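Each chain, letter by letter, is given below.
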Amino acid sequence: MTEKKNKIQKTEQPGGGWGAARATLKVLMEQSGLSKGSKALLSMNQPGGFKCPSCAFPDPVCRSKFEFCENGAKALAFEATKKRVTREFFAANTVSSLMEESDHWLEMQGRLTEPMRYSEELDKYVPCDWDEAFDLIGGHLRALGNPNQAEFYTSGRTSNEAAFLYSIFAREFGTNNFPDCSNMCHEPTSRGLPPSIGVGKGTVVMEDFDSTQAIFVIGQNTGTNSPRMMANLIRARKRGVPVIVVNPMPERALIRFTNPKDVVQMATLGSTEIASNFVQVRIGGDLAMLKGMMKVIFERDANGEQIIDWAFVERHTVGITALQEDVLSQNWDEITDISGISEEQIRRVSEVYIRSKATMICYGMGLTQHQKGSHLLQQVANLLLLLGNFGKPGAGIAPIRGHSNVQGDRTVGIDEQPSQAYLEQLKKVFHFEPPREHGHHTIKAVEAMEKGTAKVFIGMGGNFVRAIPDTQRSYDAMRKLSLTVGIATKLNRGHLVHGKDALILPVIARSEKIGTSAGEQFLTTEDSMSKVSASRGVLEPASQYLKSEVEIVCRMAMATLPNSVVNWGSFITNYNLIREKISEVYPEIYSDFLSKIRIPEGFYLDVPARRLVWNTPNGKANFLTFDGLNSDDPVHDPDMLRLATVRSNDQFNTTIYSNSDRYRGIYNTRMVLFMNAEDRAERELENGSCVAVETIFSDGMHRRVNGLTVVDYSLPRGAVAGYYPELNPLLPLGYYDKISGTPAAKSIPVRVLIDQETKKS
Ligand SMILES: Nc1nc2c(c(=O)[nH]1)N[C@H]1C(S)=C(S)[C@@H](COP(=O)(O)OP(=O)(O)OC[C@H]3O[C@@H](n4cnc5c(=O)[nH]c(N)nc54)[C@H](O)[C@@H]3O)O[C@H]1N2
Ligand SMILES: Nc1nc2c(c(=O)[nH]1)N[C@H]1C(S)=C(S)[C@@H](COP(=O)(O)OP(=O)(O)OC[C@H]3O[C@@H](n4cnc5c(=O)[nH]c(N)nc54)[C@H](O)[C@@H]3O)O[C@H]1N2
Ligand SMILES: [Mo]
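Only a predicted model underlies this, so the values are computations on that prediction, with no experimental measurement involved.

Rules and cut-offs
Residues numbered from 1 in each chain as written. Chains lettered and ligands numbered in written order. Predicted model: local features only at pLDDT ≥ 70, side-chain atom pairs only at ≥ 80, totals over all residues. Heavy atoms only, no water. Helix = DSSP H or I, 4+ residues; strand = E, 2+ residues; numbered from the N terminus. Buried < 20%, exposed > 50% of the residue type's maximum accessible area, 1.4 Å probe, protein only. Contact = heavy atoms within 4.5 Å. Areas by Shrake-Rupley, 256 points an atom, 1.4 Å probe, with all protein chains shown as cover. Near = heavy atom within 4 Å. Polar contact = N/O pair within 3.5 Å; in protein donor to acceptor, adjacent residues only side chain to side chain. Nonpolar A, V, L, I, M, F, W, Y, C, P; charged D, E, K, R; others polar. Domains from an automatic or database assignment. Pairing = 2+ DSSP bridges. Axes fitted to C-alpha atoms, helices over the stretch in contact; angles between N-to-C directions. Parallel < 35°, antiparallel > 145°, perpendicular 65-115°, else oblique.

### Some thoughts on the overall build of the protein chain
Secondary structure assignment for the protein chain yields 35 helices and 31 strands. Structurally, the protein chain occupies a C-alpha span of about 70 × 65 × 55 Å along its principal axes. Residue burial in the protein chain is summarised as follows: out of 761 residues, 66% are buried. Within the protein chain, residue pairs in contact and separated by at least 24 positions form 78% of the contacts whose partners lie at least 6 positions apart. Working note: accessible area of the protein chain is about 26,500 Å², and carbon and sulfur atoms make up 50% of it.

Okay, structure coming up:
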């Protein structure tokens, strides 16, 4: 269990440092046999090499020889593992027996090596050849009464080329059902920001970190989830730029950090203070805090301080009066009560913001995963607009995306709500009639499975059943399907919770070479700051039977659409032909793709808001108002606590690298509940008690997770935290942001009880 229960508060060791360096080397050696100087690592994030398969944070402007971090190295090491899941492995294990194993165990079995098909008779996966697999998929899809009975899921590691073709395939087949990992992640960015600033993407680029005068990091655990961003924060701090961290948890690397690449810091055990202000907000308290800040701004401006950038506001925006009325009508008692932040601290943080002539607001899941996540982001945009923080160096909004190509996939067509203009363009380029009706996001996809109206699920990467809410319910829904297809690098739960027919199709990974009859091919990805660059794998594929995602998509299309108007066969061999089509479908952003992609550093896609061009219906940036101070519906229950489900330092989403979380002082278990000591004592629990957590939700279903150990932790009153995906059974399917469809995984209303059952057993 916890090595030292209160370790984080007591030792206050910086994040990064030798711990990170040791962890990097250890994982590389143990998993892959790659050494720190290996060709694969030296190629990662370098021109001519491949893009790190971990997070979407961009490459630095000036690269060093090693452009990777602890968690990037882990992602690569686990992808380049020496271990293999072979036909013998499947022959030795029934699917039911594999279901008994942990996610960590499944991941540790290694890379998938050949296509496998589920045999109901044996309850095992058995080898099948690729032709049989594609025939099975084509047969199932063609047999559907309606193309909307198929769900085409994408996870964000898929390249632009594969995602683009996948979206063409599904649309030619006749559906816009594109559930996507982004639906659970930054969808509030994609849906909330367009009505506000005309684009659902960030407006900053890497260079902005070097000219900014203040950085906010809200609801993001940078040191763990985007470690390469730590270098930007360190540089900014060294320039004296304030970094305001808003988070219920004092994430260690955001408090102090030792850069593992800084020889002097490493040798002297030095570190950099990261947060100049740590704002320990209540879970779901950000909206109240943001409105508090805007209240300060309006009040001081009215008192003659000339804080608001009126020239900007008048030229570029609409709606300031309504915002002013809303914000000024909020009272401080409520603001401080809901945010958990004192008026004094809100005034202090506002002062930092007001003084800065160029501010960036970076944010992660702590903002997006709330019931009103999209509205919340519109308030972030309001705060930035008030002071004219767009269209100038060092300023803007910075959603820090998750998966390495999640943004790119959406740009090239993975969108269940495509615009009519886009569909027209598709028709013009490909000469088929695309479906006009909007399709399913992840929640709607599960609901359709439950109803029996969805019959086929194709998973282009990812681990759908572990990522989505309401674990048991989602398992039951998946099991009703007639066909599930997992296109994957590694074995995961999603392959074990399957339909009547099921396939596992193993793919060539990001770090591996793709050879075709036309020679070696490369792929492209788009990072969190809209930069597109090439990615060329350097390792030999894990098995000779793997296929690229591009080929798999083309072959599925050929098997499903014998009269297709698209020349799928040509795309399999020459990826430039795919990029040509991307140029044709997206002429505004992807014109000249073939020549631009030759620039080794990559190129930026246009983000109009950066140029102060607002692609909104009225051509202006809009101050959008939202009533009240709660980003989640209030729950009137005196026992209620808000549960945030978060990532440890040793996982990538549903992939669990180990059961420890070094930065939070947790070792060898993930079944913990971080709790404020006063909340804990009030419930007559001990630090270390074994507890159960139950969801408080009105749909009549009972949701409970047993066997969690209480860990006293620095959290605001009313907040508890634990790990995703273990706590997904507590997240109701119906508990999501209605604008974006994103489950509110950071604010589940729960109660904590003594766990009598686990205690007895
Ligand atoms: N190593 C590693 N890297 C990753 C991933 C991974 O699993 N492992 N996942 C990738 C993906 S897909 C994504 S989307 C990103 C996710 O990266 P993050 O956005 O950092 O995701 P989380 O760890 O879920 O939680 C973020 C933070 O939100 C805080 N939080 C919780 N509730 C609130 C709240 O109400 N308000 C505020 N202000 N903060 C709150 C938590 O304390 C936590 O520090 O990382 C990507 N990179
Ligand atoms: N409670 C709760 N739930 C959450 C979240 C949360 O914070 N709390 N976070 C949400 C977020 S932000 C996200 S993004 C989703 C993540 O949801 P997903 O993207 O579906 O999940 P991952 O765990 O990233 O998927 C891992 C699998 O992808 C496959 N894979 C890896 N690399 C490749 C590749 O190159 N190609 C292919 N084809 N397959 C590959 C491997 O088989 C691996 O097992 O989960 C969401 N769910
Ligand atoms: Mo994500």
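That shown, we press on.
### As for unusual backbone geometry
Here the bond from Tyr 724 into Pro 725 is cis, since omega is 5 degrees, no more than 30 degrees from zero. Take Pro 725: it is sitting in the loop between strand 30 (719–723) and strand 31 (748–754). Despite not being glycine, Asp 123 has its phi angle at roughly 55 degrees, a positive value. One can find Asp 123 in the loop between strand 4 (116–119) and strand 5 (124–127). Using a relative accessible area of 17% as the deciding quantity, one classes Asp 123 as buried. One non-glycine residue, His 431, adopts positive backbone phi at about 60 degrees. Here His 431 shows up in the loop between helix 24 (420–430) and helix 25 (442–451). Looking at His 431, the relative accessible area reads 62%, which means it is exposed.

### Looking at the site of ligand 2
The environment of ligand 2 is formed by 30 residues, the closest being Tyr 153, Ala 467, Glu 549, Thr 654 and Tyr 724. Between an oxygen atom of ligand 2 and a side-chain N or O atom of Asn 492, the distance comes to 2.8 Å. When ligand 2 is considered free in solution it has 940 Å² of accessible area, and contact with the protein chains removes 97% of it. Considered class by class, the residues forming the shell around ligand 2 number 13 nonpolar, 12 polar and 5 charged.

### Here's the deal with the domain arrangement of the protein chain
Considered domain by domain, the protein chain is made up of domain 1 (12–79), domain 2 (112–178 + 414–507 + 547–594), domain 3 (191–404) and domain 4 (641–760). Summarising the inter-unit geometry, the C-alpha centres of domain 2 and domain 3 are found 37 Å apart.

### Some details on the sheet that holds strand 9 (residues 256–258)
Taken in spatial order, the 3 strands make up an open sheet running 1-9-10, and their pairing is mixed. Each edge of the sheet is formed by a strand with only one pairing partner; in this case those strands are strand 1 (15–16) and strand 10 (272–273). Note that strand 9 and strand 10 share 2 bridges and pair antiparallel. For Arg 256, the partnering residue across the bridge sits in strand 10 and is Glu 273.

### Observations concerning the packing of helix 19 (residues 332–339) against helix 20 (residues 343–355)
Relative to each other, helix 19 and helix 20 sit at 85 degrees, their axes nearing to 9 Å. Here helix 19 lies roughly perpendicular to helix 20, going by the angle between them. Residues Trp 332, Ile 335, Thr 336 and Ser 339 of helix 19 pack against Glu 343, Ile 346 and Arg 347 of helix 20. Looking at the contact of helix 19 with helix 20 residue by residue, the classes come out as 3 nonpolar, 2 polar and 2 charged.

### A closer look at the site of ligand 1
Around ligand 1, the surrounding shell holds 31 residues, and the nearest of these are Glu 251, Asp 286, Arg 647, Gln 651 and Asn 653. Within the backbone of Asn 221, a nitrogen or oxygen atom sits 2.8 Å from an oxygen atom of ligand 1. Take Asn 653: an N or O atom from its main chain is 2.7 Å from an oxygen atom of ligand 1. At the level of secondary structure, the elements contributing two or more residues to the shell around ligand 1 comprise helix 12 (222–225), helix 21 (365–368), strand 24 (641–646) and strand 25 (651–652). Its residues assigned to classes, the shell around ligand 1 comprises 12 nonpolar, 15 polar and 4 charged. Both domains that meet at the shell around ligand 1, namely domain 3 (191–404) and domain 4 (641–760), each give it at least three residues.

### Considerations on the sheet that holds strand 13 (residues 359–363)
In a beta sheet, neighbouring strands are held together by backbone hydrogen bonds and run either parallel or antiparallel to one another. The parallel open sheet is built from 5 strands, whose spatial order is 11-8-7-13-14. Two strands in the sheet have a free side with no partner beyond their single neighbour: strand 11 (277–279) and strand 14 (396–399). Across the sheet, the mean angle from the axis of one strand to that of its neighbour is 15 degrees, orientation sign disregarded. When strand 7 (residues 214–218) meets strand 8 (residues 243–246), the two strands line up parallel, connected through 4 bridges. When the bridges of strand 8 are listed, Phe 216 appears paired with Ile 244. Packed onto the sheet, helix 20 meets strand 7, strand 8, strand 11 and strand 13 and runs at close to 135 degrees relative to strand 11.

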